[in-house]
Amino acid sequence: MSNTPEQSQLGKASSYVDQYDPSLLFPIPRQTKREEIGIAGQAPFFGADLWTAYEMSWLNLRGKPQVALARITVPAESTHIIESKSFKLYLNSFNNTRLADTHELLARLRHDLGAAIWHGGPMLAGVGVQLVLPEQFDHEPVHELDGLSLDRLDLECTHYQPAPELLQANLDEAPVTETLTSNLLKSNCLVTGQPDWGSVRIRYSGPQIEQGGLLAYIVSFRNHNEFHEQCVERIFMDIWRRCQPLRLEVYARYTRRGGLDINPWRTSHPQSPPANVRTARQ
């Protein structure tokens, strides 16, 4: 039987486990929410979920604490996502765990996360894990999403649940290529209703999308309850269907919670993922 979000530790009191325990990871099938947005078989996109863990710590063999940042890349074709509180609890379980070196840490992370996102099925693609060690901290960049900001537009907003009917494109005119951004993306946790704040970049080639309608559509997620990954796939599918671009890329960077940020990226054509560089609000 598949896990459901309501069965997770979200919104519940949780014991603090500080010894390594991969059973804390709670996978949730992607397909249930994909069916809600009309994806019955193969999804019309590629991509990844780019996680950053800011509170990664463990002990060396002499008991001295070690710290790092961890960048984790979860392929969008995986059968499951990992519920974020369970991810945090799993990472906390390393806090008093002695490890020989960073190679042992990386091996455990890659194995455990890979097993979770395929959850009993064949592992068709692995999880990418990279550590940023303290001597590299000072070189960590902060950069806003590149593109033309939709937030410059002065418009009335009246929809606060996803309203794809706001999306319009000039289907009879010559195609354009644009990169548009907004810092006004907000949704709520599917289980707890707590706010999730994000920035989004939409890059496309095709009929020109009416920018006011696109911004109003992004704002319409404001009271919507859904996980980050699911929101980005909903945005992708609504634009794909209503605006009929030739190429489309949707990338969102959400502010961190519990020492983790999640940054889903979906693209209609295979390409390298964007660099996992945090924005100022992250």
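Here, every reference points to the structure presented above.
The rules behind each value
Residues numbered from 1 in each chain as written. Predicted model: local features only at pLDDT ≥ 70, side-chain atom pairs only at ≥ 80, totals over all residues. Heavy atoms only, no water. Helix = DSSP H or I, 4+ residues; strand = E, 2+ residues; numbered from the N terminus. Contact = heavy atoms within 4.5 Å. Areas by Shrake-Rupley, 256 points an atom, 1.4 Å probe, with all protein chains shown as cover. Lys, Arg positive; Asp, Glu negative; His and termini not counted. Charge placed at Lys NZ, Arg CZ, Asp CG, Glu CD. Axes fitted to C-alpha atoms, helices over the stretch in contact; angles between N-to-C directions. Parallel < 35°, antiparallel > 145°, perpendicular 65-115°, else oblique. Left-handed = near helix turned anticlockwise from the far one by under 90°. Polar contact = N/O pair within 3.5 Å; in protein donor to acceptor, adjacent residues only side chain to side chain. Pairing = 2+ DSSP bridges. Core = buried A, V, L, I, M, F, W, Y, C linked by side-chain atoms within 4.5 Å. Buried < 20%, exposed > 50% of the residue type's maximum accessible area, 1.4 Å probe, protein only. Phe/Tyr/Trp six-rings, centres within 6.5 Å; stacked < 30°, edge-to-face > 60°. Lys NZ or Arg CZ within 6 Å of the ring centre and 35° of its normal.

## Details of the overall build of the protein
Then comes step 1: Counting secondary structure elements, the protein contains 5 helices and 10 strands.
Then comes step 2: Expressed along its principal axes, the backbone C-alpha trace of the protein runs to roughly 65 × 45 × 35 Å.
Then comes step 3: For the protein, restricting intrachain contacts to residue pairs at least 6 apart in sequence, the fraction spanning at least 24 positions comes to 75%.
Then comes step 4: As displayed, the protein offers around 13,100 Å² of accessible surface, 51% of which is attributable to carbon and sulfur atoms.
Then comes step 5: Between the mean site of the 27 positive side-chain charges and the mean site of the 32 negative ones, the protein shows a separation of 5 Å.

## What about the packing of helix H2 (residues 84-92) against helix H3 (residues 102-118)?
Then comes step 1: The interhelical angle for the contact between H2 and H3, taken along N-to-C directions, is 150°, at an axis separation of 12 Å. In terms of orientation, H2 and H3 fall into the roughly antiparallel class. For H2 against H3, the interelement crossing comes out right-handed. Along the contact surface, H2 presents Phe 87, Tyr 90 and Leu 91, while H3 presents Arg 108, Leu 109, Asp 112 and Leu 113.

## A closer look at the side chain of Ser 93
Then comes step 1: With respect to the helices, strands and loops of the structure, Ser 93 is situated in the loop between H2 and H3.
Then comes step 2: Within polar-contact distance, the side chain of Ser 93 engages the backbone oxygen of Tyr 90 at 2.6 Å.
Then comes step 3: Non-local contacts of Ser 93, meaning those with residues more than four positions away in its chain, are made with Val 17, Asp 18, Gln 19, Tyr 20, Asp 21 and Leu 24.

## Focus on the sheet that holds strand E9 (residues 247-254)
Then comes step 1: Across the sheet, 8 strands lie side by side as E5-E3-E2-E10-E9-E8-E7-E6; this open sheet has mixed pairing. The two strands at the open ends of the sheet, each matched to only one other strand, are strand E5 (128-132) and strand E6 (148-149).
Then comes step 2: Together, E6, strand E7 (176-188) and strand E8 (195-206) form the strand contacts of helix H4 (residues 211-219), whose direction differs from that of E7 by roughly 25°.

## Things to note about the nonpolar core
Then comes step 1: Residues Leu 185, Ile 202, Leu 214, Ile 239 and Val 250 are the most contacted members of the largest nonpolar core, which totals 33 residues.
Then comes step 2: Elements with a minimum of two residues in this core: E7, E8, H4, helix H5 (228-243) and E9.
Then comes step 3: When near neighbours in sequence (up to four residues on either side) are disregarded, Ile 202 contacts Glu 178, Thr 179, Leu 180, Leu 214, Ile 218, Ile 239, Leu 248, Glu 249 and Val 250.
Then comes step 4: Within the second largest apolar cluster, 28 residues are counted, among which are Leu 91, Phe 94, Leu 99 and Ala 125.

## Remarks on the packing of aromatic side chains
What describes a pair of aromatic rings is the distance from one ring centre to the other and the angle between the planes of the rings.
Then comes step 1: Considering all chains together, one arrives at 6 aromatic pairs under this definition.
Then comes step 2: Residues Phe 45 and Phe 236 carry aromatic rings whose centres are separated by 5.4 Å and whose planes lie at 75° to one another, so their mutual orientation is edge-to-face. Remark: Phe 236 occurs in helix H5 and Phe 45 occurs in the loop between helix H1 (31-36) and strand E2 (46-59); sequence separation between them is 191 residues. With respect to class, Phe 45 is no different from Phe 236; both count as buried.
Then comes step 3: Pairing Tyr 90 with Phe 94 gives two aromatic rings, centres 5.3 Å apart and planes at 80°, and the pair type is edge-to-face. When sorted by exposure, Tyr 90 lands in the same class as Phe 94, which is buried.
Then comes step 4: Among the aromatic residues, those joined into a ring-pair cluster are Tyr 20, Tyr 90 and Phe 94.
Then comes step 5: Directly above the ring of Tyr 20 sits Arg 108, whose terminal nitrogen or CZ lies 4.4 Å from the centroid.

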